[in-house]
Amino acid sequence: MILDAAARTAESEDGMVERRCAGEPLEHVVGWAAFGGLRIAVGPGVFVPRRRTEFLLEQALRVGRDAGVVVDLCCGAGPLAAALAVRLPRAELHGADIDPVQTAYARRNLALFADRATVHEGDLYDALPAVLRGRVELLVANAPYVPRAALATLPTEARDHEPVLSLDGGADGLAVQRRLAEGVVEWLAPGGRLLVETSARQAPLTRGMFAGAGLDAWVVECEEREASVVVARRAAA
Ligand SMILES: C[S@@+](CC[C@H](N)C(=O)[O-])C[C@H]1O[C@@H](n2cnc3c(N)ncnc32)[C@H](O)[C@@H]1O
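First, a word on what this report is: a plain description of the structure on this page.

Cut-offs applied
Residues numbered from 1 in each chain as written. Predicted model: local features only at pLDDT ≥ 70, side-chain atom pairs only at ≥ 80, totals over all residues. Heavy atoms only, no water. Near = heavy atom within 4 Å. Polar contact = N/O pair within 3.5 Å; in protein donor to acceptor, adjacent residues only side chain to side chain. Areas by Shrake-Rupley, 256 points an atom, 1.4 Å probe, with all protein chains shown as cover. Nonpolar A, V, L, I, M, F, W, Y, C, P; charged D, E, K, R; others polar. Salt bridge = Lys/Arg side-chain N within 4 Å of Asp/Glu carboxyl O. Helix = DSSP H or I, 4+ residues; strand = E, 2+ residues; numbered from the N terminus. Phe/Tyr/Trp six-rings, centres within 6.5 Å; stacked < 30°, edge-to-face > 60°. Buried < 20%, exposed > 50% of the residue type's maximum accessible area, 1.4 Å probe, protein only. Lys NZ or Arg CZ within 6 Å of the ring centre and 35° of its normal. Core = buried A, V, L, I, M, F, W, Y, C linked by side-chain atoms within 4.5 Å. Contact = heavy atoms within 4.5 Å. Patch = residues over 30% accessible without salt bridge, like charges linked within 9 Å, V, L, I, M, F, W, Y side chains within 5 Å.

**Things to note about the site of the ligand**
- Within the structure, the ligand sits among 19 residues, and Cys-74, Asp-97, Asp-123, Leu-124 and Asn-142 are positioned closest to it.
- Taking Ile-98, its main chain carries an N or O atom lying 3.2 Å from a nitrogen atom of the ligand.
- In isolation the ligand has 590 Å² of accessible area, and contact with the protein removes 96% of it.
- Along the lines of polarity and charge, the residues of the shell around the ligand split into 9 nonpolar, 6 polar and 4 charged.

**Brief notes about the pattern of salt bridges**
- Applying the stated criterion to the full structure yields 10 salt bridges.
- The closest approach of N and O atoms between Glu-92 and Arg-135, which form a salt bridge, is 3.8 Å. Of this pair, Glu-92 sits in strand β4 (residues 92–97) while Arg-135 sits in the loop between β5 (117–121) and β6 (136–141); the two residues are 43 residues apart in sequence, bridging distant segments of the chain.

**Some points on the packing of aromatic side chains**
- On inspection of all chains with the given rule, the structure shows 1 aromatic pair.
- Seen in terms of ring centroids, Tyr-125 and Trp-187 are 5.9 Å apart; in terms of plane orientation they differ by 10 degrees. Their pairing is stacked. Taken as a pair, Tyr-125 in the loop between β5 and β6 and Trp-187 in helix α8 (residues 175–187) lie far apart in primary sequence, 62 residues in all.
- Its relative accessible area of 3% is what places Trp-187 among the buried residues.
- The ring of Trp-32 carries the charged tip of Arg-39 above its face, separated from the ring centre by 3.8 Å.

**Things to note about the nonpolar core**
- Counting residues in each nonpolar core, the largest one holds 39 residues, and the members touching the most others are Val-70, Leu-84, Leu-138, Val-140 and Leu-195.
- Here the element with the most residues in this core is helix α5 (residues 79–87); it accounts for 6 residues.
- If we skip the residues at most four places from it in the chain, Val-140 touches Leu-56, Ala-60, Val-71, Asp-72, Leu-73, Leu-80, Leu-84 and Leu-195.
- Within the second largest apolar cluster, 29 residues are counted, among which are Tyr-125, Leu-132, Leu-180 and Met-209.

**So, a nonpolar patch on the surface**
- Together, Ile-98, Val-164 and Leu-165 give the surface a local cluster of nonpolar side chains, amounting to about 280 Å² of exposed area.
- Looking at the secondary structure, you find Ile-98 in the loop between β4 and α6 (100–109).

**Digging into the side chain of Glu-162**
- Inspection of the secondary structure assignment puts Glu-162 in the loop between α7 (156–161) and α8.
- Apart from residues lying up to four places away in sequence, Glu-162 is in contact with Val-46, Phe-47, Val-48, Arg-50, Glu-157 and Leu-167.

**Overview of the environment of Val-101**
- Locating Val-101 in the fold gives a position in helix α6.
- A C-alpha to C-alpha distance of 6.8 Å links Val-101 and Gly-45, two positions 56 residues apart in sequence.

What follows is the structure in structure tokens.
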């Protein structure tokens, strides 16, 4: 039915069914993924936003509803940034990702908010304008966290159709998060919050890295969505 509806506006239904049968994610075939009540544009080469990440969104809104400066690092197609832009109508938003395919989609998904949302390209914090140092009130990151050895066990839709860079968290799955933790204090405003998606198994280690960086850090979980998020807070000045 979704293919049927999408085929009316895009390529022929036969072509779409063929791509789907060949194993392409449904979202790539139809060109969008549902996230936080929005339709996020996605396509070949782009990480498909997961419903589990809506838990991170909900937690970010719990602790950061007053945030004026919001950063989504490792933004992919920008689902978190776009959903936060809708819900925080006065916030200035910055998304950043290292992969130009992701940032192209993120720009598209944030186009409606062009007056207050900017997408940057580069490696983690290097992508951000220096003027944000010490000013970020809410930082969200769904960075890659799959241990390299587990990549082979992922469903083929992910393995064959999403960039390895969007999944590979290094030997222990924590390589990107470790670098996030190393730089975080420099970028968060006093009292600023950071939220990072992780797995239930990795959560204590992720929490430990942000606590080690000097933040108050705790884990929140949603069993139903198999979602784990580390929430951390920089002390107020
Ligand atoms: C798991 S995907 C999540 C994408 C998006 N946040 C979401 O929830 O749909 C991880 C993203 O991190 C990006 N990434 C990986 N390494 C990065 C790095 N060193 N600096 C910035 N982005 C990176 C990938 O390109 C990918 O878009």
